[in-house]
Amino acid sequence: MHTEILILAWGAVLLFVHIFAAGQVKTKQYGTKWNTGARDESLPPMEPLTGRLVRAQANYQETFPIAIVALLGVVLAGRSSGTTALGGWIWLGARVVYLPLYAVGVPVVRSLTFLVSVVGLVMVLWPLLAG
């Protein structure tokens, strides 16, 4: 199995972590009745931790499709290499670090970590773009 596919599988696990982390704190704030109900009612503003985890999840969901295209693309195109695998691991590692940084509210380091993840994605995308 290609390393890039393994990275995608772990990326999917990380998506579950995002979903359950945000869901857990939302349920803690709004209650089990809200979670198991239709969720039609208006809600008070999210507490800081809840808001940060929801935003972190949204950010991951915005960038995960790019990772899917890049990592799957290099495998399908036969362009995978040590560099694309390294880029994939850099992306995934940075995304793992990003979640707790965002949850705790660390401002600048969180943004730098996001940029590191982008560098990893560019390392994967480059062989597809360079032809």
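Remember, it's a predicted structure, so these values are computed and weren't measured experimentally.

About the cut-offs
- Residues numbered from 1 in each chain as written.
- Predicted model: local features only at pLDDT ≥ 70, side-chain atom pairs only at ≥ 80, totals over all residues.
- Heavy atoms only, no water.
- Helix = DSSP H or I, 4+ residues; strand = E, 2+ residues; numbered from the N terminus.
- Contact = heavy atoms within 4.5 Å.
- Areas by Shrake-Rupley, 256 points an atom, 1.4 Å probe, with all protein chains shown as cover.
- Lys, Arg positive; Asp, Glu negative; His and termini not counted.
- Charge placed at Lys NZ, Arg CZ, Asp CG, Glu CD.
- Axes fitted to C-alpha atoms, helices over the stretch in contact; angles between N-to-C directions.
- Parallel < 35°, antiparallel > 145°, perpendicular 65-115°, else oblique.
- Nonpolar A, V, L, I, M, F, W, Y, C, P; charged D, E, K, R; others polar.
- Expected span 1.5 Å × (residues − 1).
- Bend = angle between axes of the 7 residues up to and from the residue.

Enquirer: It is not clear to me how the overall build of the chain should be interpreted in this structure. Could you clarify?
Expert: If you tally the helices and strands in the chain, you get 5 helices and 0 strands. For the chain, the α and β elements follow one another from N to C terminus as α-α-α-α-α. C-alpha atoms of the chain, sized along the principal axes, occupy 50 × 30 × 20 Å. When contacts within the chain are restricted to residue pairs at least 6 apart in sequence, long-range pairs at least 24 apart make up 77% of them. A total of about 7400 Å² of accessible surface is found on the chain, and carbon and sulfur atoms cover 70% of it. Both charge centroids of the chain, one from 9 positive and one from 5 negative side chains, sit 6 Å from each other.

Enquirer: Looking at this structure, how should I read the packing of helix α3 (residues 48–76) against helix α4 (residues 82–104)?
Expert: When two helices pack together, their arrangement is given by the angle between the helix axes and by the axis-to-axis distance. Two elements in contact, α3 and α4, have axes whose closest approach is 9 Å; the angle formed by their N-to-C orientations is 175°. The orientation of α3 with respect to α4, classified from their angle, is roughly antiparallel. Every residue of α4 that contacts α3 at Leu-49, Arg-52, Leu-53, Arg-55, Ala-56, Asn-59, Tyr-60, Thr-63, Phe-64, Ala-67, Leu-71 and Val-74 is listed here: Thr-84, Gly-88, Trp-91, Arg-95, Tyr-98, Leu-99, Tyr-102, Ala-103 and Val-104. For the contact of α3 with α4, the per-class residue count stands at 14 nonpolar, 4 polar and 3 charged.

Enquirer: Can you help me understand α3 in this one?
Expert: Residues that lie three or four places apart on an α-helix share one face, since the helix turns once every 3.6 residues. Compared with an ideal rise of 1.5 Å per residue, which puts 29 residues at 42 Å, α3 spans 42 Å between its outermost C-alpha atoms and is within 8% of the ideal. Roughly 30° is the biggest bend found in α3, and it falls at Thr-63, with proline Pro-65 one to four residues downstream. Positive phi appears at Gly-78, one or two residues downstream of α3, with a value of about 70°.

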